[in-house]
Each structure stands twice: as C-alpha cells, then as structure tokens.
Amino acid sequence: SNSVRMHNKGRCLHLMRRKGVRRTNQSLPDYFTDLADRLKDVTIYYGDWTHLANNAVTSSKRGNCAVLLDPPYGNVKQPLYDHHDRKIAARCREFAMAAASPRLKIALCGYEGDLGMPDEWEQLTWGSQTGKGQERIWFSPHCQGSKVA
C-alpha cells in the first residue's frame, strides 16, 4: 500500500491508505496536544481561495509564509463541492507559478498530468481510495524537501 512518512522534530507521522493517520508510540491526547501546539500560530482559511492567496502575498512581504492549495480537481466527473468549478485548479496553478518566492512557499494539490507543473517543483506522489494513486502535491522550489517512504 502507498504511504507517506513525514518527519518533524524526531517524530514520524504516517499517512497510510485505508488506515488514516497513525502516530507510533503516542497516545491520542498527546497527539492532539502536540497538534494544537504546532497549529497555535497557523491561520486556516475556508471559502474563496483568492482571499487566502491575497493574504499570503501580503503576509510574505512581512516575513515567511506558506500556503497549501487543494482546489477541486478538474477531471473529477462528479461535483464534490457546493460550488464545483473545474477552472479553479488552473487558476490556482497560475497564482502558484506567479507568486511563489523564497518568502512565499506554496504547495499545490492535483492529479498527475492535470496541471503541467515544472520540474523545479518537487512532486510528492500519494494515493487515496478515490484518487487511485494519481494524487500529487507539488512544492514550490523554495519549500524544504519532503520525506517520502
């Protein structure tokens, strides 16, 4: 089965197909305490992605900023969202290509072959039951390297 292993401060987070998130040797209360600590300075936006994009550009002028864009995938046959727009993925790509910089790190999600991302963007391959191994996350050139197992 496909899995992604991410390392952070000596701990390992496994994202495994059909098994969800599993932390080895860690109790659930400890996991959520650690997660809350890691997210204390994180802002989560929900809604129109352009709001996030504009704020990210502004924030990157004051310091480092990172965004994860996970738009509706263009080749999905069934609408998955209330406002499913197949063009959003292409617009997110345009923004990512234009805005990525040393101070604005961007991760963009999509299906293999849909977005035509350049080789300079690191590609993380992963799979889910719906994506059947086609899912990708592309990281802008100034992102730190990911660890995949």
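Residues numbered from 1 in each chain as written. Predicted model: local features only at pLDDT ≥ 70, side-chain atom pairs only at ≥ 80, totals over all residues. Heavy atoms only, no water.

A. Quick peek at the overall build of the chain. Each helix and strand counted, the chain has three helices and seven strands in total. Beginning at the N terminus, the succession of helices and strands in the chain can be written as β-β-β-α-α-β-α-β-β-β. The buried share of the chain, reckoned over its 149 residues, is 34%. Restricting to contacts in the chain with at least 6 residues of sequence separation, those with at least 24 account for 46%. For the chain, the exposed surface amounts to about 10,200 Å²; the carbon and sulfur share of it is 50%. (Helix = DSSP H or I, 4+ residues; strand = E, 2+ residues; numbered from the N terminus. Buried < 20%, exposed > 50% of the residue type's maximum accessible area, 1.4 Å probe, protein only. Contact = heavy atoms within 4.5 Å. Areas by Shrake-Rupley, 256 points an atom, 1.4 Å probe, with all protein chains shown as cover.)

B. Main features of the sheet that holds strand β7 (residues 135-139). The strand order across the open sheet built from four strands is β4-β5-β7-β6, with neighbouring strands paired in mixed fashion. Either end of the sheet is taken by a strand with one partner, and the two such strands are β4 (65-69) and β6 (122-125). On average, each strand axis in the sheet is tilted by 20° relative to the strand beside it, whichever way the strands run. Here four bridges tie β6 to β7, and the two strands are oriented antiparallel to one another. When the bridges of β7 are listed, E122 appears paired with F139. (Pairing = 2+ DSSP bridges. Axes fitted to C-alpha atoms, helices over the stretch in contact; angles between N-to-C directions.)

C. A look at the packing of helix α2 (residues 49-60) against helix α3 (residues 88-99). Close contact between α2 and α3 brings their axes to 12 Å; oriented N to C, the two are set at 5°. For the element pair α2 / α3, the angle class is roughly parallel. Note on element contacts: α3 touches α2 through I88, R91, C92, F95 and A99, opposite W49, A53 and V57. For the contact of α2 with α3, the class distribution of residues is seven nonpolar, no polar and one charged. (Parallel < 35°, antiparallel > 145°, perpendicular 65-115°, else oblique. Nonpolar A, V, L, I, M, F, W, Y, C, P; charged D, E, K, R; others polar.)

D. Representation of the nonpolar core within the structure. Judged by nonpolar contacts, the single largest core of 20 residues is most densely connected at W49, L69, F95, L104, I106 and L108. Per-element tally for this core: the top contributor is α3, with six residues. When near neighbours in sequence (up to four residues on either side) are disregarded, L108 contacts L69, P71, C92, R93, A96, L115, M117, R136, I137 and W138. Judged by nonpolar contacts, the second largest core, of eight residues, contains Y73, A107, C109 and L124. (Core = buried A, V, L, I, M, F, W, Y, C linked by side-chain atoms within 4.5 Å.)

E. Molecular detail of the packing of aromatic side chains. What the rule picks out here adds up to two aromatic pairs. Here the aromatic rings of W49 and F95 are separated by 6.0 Å at their centres, their planes lie at 65°, and the arrangement is edge-to-face. Taken as a pair, W49 in helix α2 and F95 in helix α3 lie far apart in primary sequence, 46 residues in all. (Phe/Tyr/Trp six-rings, centres within 6.5 Å; stacked < 30°, edge-to-face > 60°.)

F. Structural view of a nonpolar patch on the surface. On the surface, L39, V42 and I44 cluster together into a nonpolar patch covering about 290 Å² of accessible area. Relative to the assigned elements, V42 resides in the loop between α1 (28-38) and α2. (Patch = residues over 30% accessible without salt bridge, like charges linked within 9 Å, V, L, I, M, F, W, Y side chains within 5 Å. Salt bridge = Lys/Arg side-chain N within 4 Å of Asp/Glu carboxyl O.)

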